[in-house]
Protein chains: 2
Amino acid sequence: MTEPSTHPVSLTVHVPLDAGRDYDILIGRGLIETAGARVAALGGRRAAIVTDANVAALYGDRLRTSLERAGLGSGIVTVAPGEGSKSYAGYAQVCDGLLALKVERGDLVVALGGGVVGDLAGFAAATLRRGVRFVQVPTSLLAQVDSSVGGKTGINAPLGKNLIGAFHQPRLVLADTATLDTLSEREMRAGYAEVAKYGLIADAGFFDWCEANWRGIFSGGPEREEAVAACCRAKAAVVTRDEREDGERALLNLGHTFGHALERITGYDSARLVHGEGVAIGTALAFRFSARLGLCPGQDAGRVANHLALAGLPTRLQAVPGGCGDADALVEAMAQDKKVRDGALTFILVRGIGQSFIAPGIDRSEVRAFLQDEFAADLRP
Amino acid sequence: MTEPSTHPVSLTVHVPLDAGRDYDILIGRGLIETAGARVAALGGRRAAIVTDANVAALYGDRLRTSLERAGLGSGIVTVAPGEGSKSYAGYAQVCDGLLALKVERGDLVVALGGGVVGDLAGFAAATLRRGVRFVQVPTSLLAQVDSSVGGKTGINAPLGKNLIGAFHQPRLVLADTATLDTLSEREMRAGYAEVAKYGLIADAGFFDWCEANWRGIFSGGPEREEAVAACCRAKAAVVTRDEREDGERALLNLGHTFGHALERITGYDSARLVHGEGVAIGTALAFRFSARLGLCPGQDAGRVANHLALAGLPTRLQAVPGGCGDADALVEAMAQDKKVRDGALTFILVRGIGQSFIAPGIDRSEVRAFLQDEFAADLRP
Ligand SMILES: NC(=O)c1ccc[n+]([C@@H]2O[C@H](COP(=O)([O-])OP(=O)(O)OC[C@H]3O[C@@H](n4cnc5c(N)ncnc54)[C@H](O)[C@@H]3O)[C@@H](O)[C@H]2O)c1
Ligand SMILES: NC(=O)c1ccc[n+]([C@@H]2O[C@H](COP(=O)([O-])OP(=O)(O)OC[C@H]3O[C@@H](n4cnc5c(N)ncnc54)[C@H](O)[C@@H]3O)[C@@H](O)[C@H]2O)c1
Ligand SMILES: [Zn+2]
Ligand SMILES: [Zn+2]
């Protein structure tokens with residue numbers, strides 16, 4: 001691995017939504033330092049920051065200084081780190097904090113942090129005074145390649161994840177790739193599961209590129225900006241065609257039906273499993289399940305699992321610390337998913353690398369049998 | 001007064017919004033009994049009712065039976081009556097209740113009650129699973145003529161009323177005018193302040209009609225449906241032209257800058273002042289203030305106050321039980337209003353009955369002097 005570099009690469013991805021809602025995603029090192037001028041260019045008198053305590057300590061003052069130098073009134077609302085803040089209580093805390101900072105209808109909310117902060121601050125912005133504009137400054141790899149793009153915002157309910165929310169597009173996304181230098185290895189890997197996912201969904205060439213270049217993403221070479229931009233382009237294209245997930249946007253859930261079930265079974269305990277780890281296992285399972293159904297070559301499934309493992313990600317049910325129940329429990333957990341209709345399960349399956357499709361009506365018993373065999377698999381080398 | 005009649009009048013007002021969001025407002029006696037078929041015609045498998053305990057006891061079973069007879073799965077979420085339910089806690093209770101009733105993305109939420117229930121259930125619908133459709137079944141006069149039309153939904157924050165919310169248009173409004181037979185006289189009068197307001201804003205002919213026919217609205221004659229329809233037509237026209245209150249929709253706030261200040265000063269204690277009473281006083285003040293500024297004939301101000309008083313509404317600051325502070329306190333309370341920019345106050349003023357206009361930049365000292373004189377006025381006959 002090389003030392004974190006300071007190359008000046010800065011890339012732009014445009015998200016061409018209609019009705020004046022189109023926006024730019026800027027990707028490069030040091031964007032926080034120049035955020036003020038870019039945010040001020042959007043208009044408004046105030047830009048209030050929402051962040052979590054970890055990110056506040058690292059980047060809060062820097063962003064605030066940049067905003068204030070550009071003449072924007074600012075202030076920071078800080079929530080506790082972790083998924084627990086994506087709750088009714090966290091939502092009330094953020095809304096009340098923004099109101100105390102006197103955010104008016106023409107002002108801006110700036111979400112500085114990972115996906116938790118982006119989803120929470122975005123939902124608060126969507127509903128504060130019936131909607132104020134917001135800017136995403138994603139600081140985790142997952143947030144830079146996935147959650148900050150596409151306008152889904154929201155919180156969790158006791159009955160399930162992301163059940164409350166709004167579609168609210170940001171006015172600007174500033175993905176400062178230098179912030180990833182302080183991200184833990186584990187969170188970096190978890191975000192990388194989503195990077196690889198984009199290749200697997202519909203771009204075999206990008207998966208090839210990932211196999212050759214993934215180390216540069218982790219070490220902070222120019223591959224990092226290239227990868228973030230490629231992912232944002234892929235997600236923006238899907239979101240532009242299907243903003244409200246009536247169709248193809250569901251492909252972005254490759255690996256997620258299994259993954260969400262694993263998260264639910266492990267009680268959303270990030271000590272055991274973080275989202276991206278669930279996605280990595282889920283993606284490997286989606287490929288092996290597709291192979292078992294005769295849809296996808298077994299060697300593609302092997303290649304995917306090998307690559308994820310090389311990047312340090314889990315690919316097997318057996319890898320979940322503390323276990324993840326049995327086949328019945330997993331099928332039950334999947335049946336609670338949003339994508340269930342009339343008892344049949346909808347999966348994203350594959351015909352090979354880069355060839356995913358929506359498969360509704362998958363029989364529960366088929367899934368259960370597959371998972372039973374997965375649990376029984378002899379993993380000795 | 002005549003006995004509540006059972007005349008079969010049923011009127012329809014169409015709200016012609018774009019992008020498939022247009023909807024009908026049906027106005028007539030007994031619409032709850034036939035709600036099932038009309039709601040079922042919108043599609044969806046479930047229609048979950050949100051209501052408050054008062055209205056649940058009177059109409060909950062009746063509406064639920066009608067929905068279930070039409071083949072819709074149903075269920076009721078009941079909140080405590082009163083403004084206190086329009087809170088973060090009330091919002092969480094309604095969302096969790098709807099999720100427990102297994103409301104899915106294609107299903108419907110039915111708001112049965114006054115403006116509190118409509119605003120709360122509407123906001124829950126706007127954000128449950130990032131948006132499900134909803135139907136308004138308003139049961140207070142205020143809700144039938146004002147809050148159920150126009151798509152503003154939301155809750156209060158500790159820092160102020162209606163500060164959190166969403167624009168979310170209903171798919172259908174069923175204003176069952178027979179439900180008003182059980183509304184208290186006081187709530188009926190409060191709603192009537194908003195009815196008269198529509199004439200005062202832009203329709204002098206409707207104010208004439210109100211002077212001649214207001215008793216029929218209270219007693220349940222056919223004038224009730226006519227009045228509700230006239231108000232809905234007026235509000236729908238404004239909302240269609242200015243859905244997000246960038247301009248003329250603000251005219252609907254005639255009487256509300258003063259009124260909201262009074263509500264704030266009396267601590268939103270409905271034992272002292274309900275919204276419509278604040279609006280009645282505020283409307284009388286807006287006319288007298290306009291007259292004082294030489295904008296409006298003094299006789300119009302007198303005519304408005306007389307009519308409101310005849311209908312049993314307060315028109316003087318002195319009428320607020322327990323008092324309402326002094327001129328400074330009222331100006332301060334107004335300055336906390338959303339419509340304040342750079343210290344200058346925006347008012348809705350009038351050139352006469354039916355001739356309101358938006359007046360930005362009204363000097364605080366001008367308002368304070370007016371209120372001082374109002375407080376000092378000798379009210380002995
Ligand atoms: N809206 C969407 O479309 C979408 C898509 C995918 C995921 N999500 C949501 O995203 C969330 C997960 O996001 P996440 O993985 O970023 O989690 P996260 O926001 O909790 O961040 C992970 C951890 O990394 C820390 N962190 C963030 N940036 C850092 C940095 N630069 N340096 C050091 N530490 C840093 C955070 O404080 C946190 O402890 C989930 O709630 C998920 O539902 C949303
Ligand atoms: N969304 C908008 O555009 C808009 C416009 C104006 C007002 N509002 C909101 O509306 C709310 C006030 O509405 P409201 O005056 O209807 O108050 P409300 O909903 O509290 O109803 C008043 C009282 O009447 C009872 N009630 C309702 N219908 C009844 C019936 N048919 N029989 C017997 N009792 C009945 C209720 O239980 C309550 O106790 C406020 O929160 C205000 O902010 C919203
Ligand atoms: Zn994901
Ligand atoms: Zn009102």
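Residues numbered from 1 in each chain as written. Chains lettered and ligands numbered in written order. Predicted model: local features only at pLDDT ≥ 70, side-chain atom pairs only at ≥ 80, totals over all residues. Heavy atoms only, no water.

A. A look at the environment of A:I217. All names here are of chain A. When you line up the elements, I217 lands in helix α7 (residues 204-219). Residue class for I217 comes out buried when judged on its relative accessible area of 0%. Residues I217 and L180 lie 37 residues apart in sequence; the distance between their C-alpha atoms is 9.7 Å. In this structure I217 touches L141, M188, Y192, V195, W209, E223, R224 and A227, once residues within four positions along its chain are discounted. (Helix = DSSP H or I, 4+ residues; strand = E, 2+ residues; numbered from the N terminus. Buried < 20%, exposed > 50% of the residue type's maximum accessible area, 1.4 Å probe, protein only. Contact = heavy atoms within 4.5 Å.)

B. Representation of the domain arrangement of chain A. Residues and elements named next belong to chain A. Domain boundaries in chain A define domain 1 (10-182) and domain 2 (185-379). One C-alpha centre belongs to domain 1, the other to domain 2; they are set 27 Å apart. Contacts between the two partners involve 27 residues from domain 1 and, on the opposite side, 29 residues from domain 2. Each partner contributes to the roughly 2600 Å² buried at the junction of domain 1 and domain 2, and carbon and sulfur atoms together form 64% of this total. Of all residues in domain 1, the largest losses of buried area upon contact with domain 2 belong to L141, V145 and F167, amounting jointly to 24% of the total for that side. Put simply, domain 1 and domain 2 have 4 salt bridges between them. For E263, the salt bridge is made with K161, and the minimal N-O distance between the two is 4.0 Å. Where domain 1 meets domain 2, there are 7 residue pairs in polar contact (both at pLDDT 80 or more). If you list the elements that add at least two residues to the side of domain 1 that touches domain 2, you get β1 (10-15), β2 (23-28), α5 (141-147) and β8 (160-167). No other element matches the 6 residues that α5 contributes to the side of domain 1 that touches domain 2. Per-class residue counts for the side of domain 1 that touches domain 2 are 14 nonpolar, 7 polar and 6 charged. (Domains from an automatic or database assignment. Buried area = accessible area lost by both parts, 1.4 Å probe. Salt bridge = Lys/Arg side-chain N within 4 Å of Asp/Glu carboxyl O. Polar contact = N/O pair within 3.5 Å; in protein donor to acceptor, adjacent residues only side chain to side chain. Nonpolar A, V, L, I, M, F, W, Y, C, P; charged D, E, K, R; others polar.)

C. Representation of the coordination of the zinc ion (ligand 4) within the structure. Residues and elements named next belong to chain B. In this structure, E194 (OE), H256 (NE2) and H275 (NE2) serve as the protein donors to the zinc ion (ligand 4), at separations of 2.0 to 2.1 Å. When the donors of the zinc ion (ligand 4) are listed by position in the chain, the intervening gaps give E-x61-H-x18-H. Placement of E194 in helix α6 (residues 185-202) and of H256 in helix α9 (residues 256-265) is noted, with a sequence separation of 62 residues between them. Neither E194 nor H256 differs from the other in exposure class; each is buried. (Donors = N, O, S within 2.8 Å, 3.2 Å for Na, K, Ca; no water.)

D. Spotlight on the site of ligand 1. Residues and elements named next belong to chain A. The immediate surroundings of ligand 1 are formed by 24 residues, with D52, G115, T139, S140 and T182 found nearest. D52 places a polar side-chain atom, nitrogen or oxygen, 2.7 Å from an oxygen atom of ligand 1. A distance of 3.2 Å separates an oxygen atom of ligand 1 from a polar side-chain atom of K161. Isolated, ligand 1 exposes 860 Å² of accessible area, and the fraction of that covered by the protein chains is 88%. (Near = heavy atom within 4 Å. Areas by Shrake-Rupley, 256 points an atom, 1.4 Å probe, with all protein chains shown as cover.)

E. Up close: the interface of chain B and chain A. Each partner contributes residues to the interface: chain B has 33 residues there, and chain A has 33 residues. Summing the contributions of chain B and of chain A, the shared interface buries around 2800 Å²; its carbon and sulfur component is 50%. Scanning the region where chain B abuts chain A turns up 0 salt bridges. Connecting chain B to chain A are 8 residue pairs in polar contact (both at pLDDT 80 or more). Among the elements that make up the side of chain B that touches chain A, the one with the highest residue count is helix α3 (residues 88-100) of chain B (7 residues).

F. Broad picture of the sheet that holds β2(A). All names here are of chain A. The strand order across the open sheet formed by 7 strands is β1-β2-β9-β6-β5-β3-β4, and the pairing between neighbours is mixed. Every other strand in the sheet has two partners, leaving β1 and β4 (76-79) as the edge strands with one partner each. Pairwise comparison of adjacent strand axes, ignoring direction, gives a mean angle of 15° for this sheet. Here strand β6 (residues 133-138) runs beside strand β9 (residues 172-176); their pairing, made up of 2 bridges, is parallel. Bridge pairing in β9 places Q136 opposite V173. Helix-sheet contacts for helix α4 (residues 115-127) involve β3 (47-52), β4, β5 (108-113) and β6, and the interaxial angle to β5 is about 165°. (Pairing = 2+ DSSP bridges. Axes fitted to C-alpha atoms, helices over the stretch in contact; angles between N-to-C directions.)

G. Geometry of the pairing of strand β10 (residues 345-350) of chain A. Residue and element names in this part refer to chain A. Of all 6 residues that make up β10, 6 are buried, and the element is covered over most of its length. Residues L345, F347 and L349 line one face of β10 and the alternating positions T346, I348 and V350 line the opposite face, and both faces are buried. Note: β10 against strand β11 (residues 356-362), 5 bridges, orientation antiparallel. Note on β11: the bridge partner recorded for I348 is I358. Hairpin connection of β10 to β11: 5 residues between the antiparallel strands, including G352 at a positive phi of 160°.

H. Summary view of the relation of the copies chain B and chain A. Overlaying chain B with chain A gives an RMSD of 0.0 Å, the required rotation being 180° about an axis along which the chain moves by 0.0 Å. One copy is carried onto the other by what is essentially a two-fold rotation axis. No C-alpha of chain B lies nearer the rotation axis than that of B:Y88, which sits 3.8 Å from it. Of all interface residues in chain B, 100% are interface residues in chain A too; the two copies therefore contact each other through one and the same surface. (Least-squares fit on C-alpha atoms with pLDDT ≥ 70 in both.)

I. View of the site of ligand 2. Residue and element names in this part refer to chain B. Residues in close proximity to ligand 2 total 24 residues, the closest being D52, G115, T139, S140 and T182. Within the contact set of ligand 2, an oxygen atom lies 2.8 Å away from a side-chain nitrogen or oxygen of E83. For ligand 2, a nitrogen atom lies 2.7 Å from a polar atom in the side chain of T182. Out of a free accessible area of 860 Å², ligand 2 has 88% covered by protein chains. Looking at the shell around ligand 2, the element that brings in the most residues is helix α2 (residues 53-69), giving 4 residues. Of the residues in the shell around ligand 2, the class split is 6 nonpolar, 9 polar and 9 charged.

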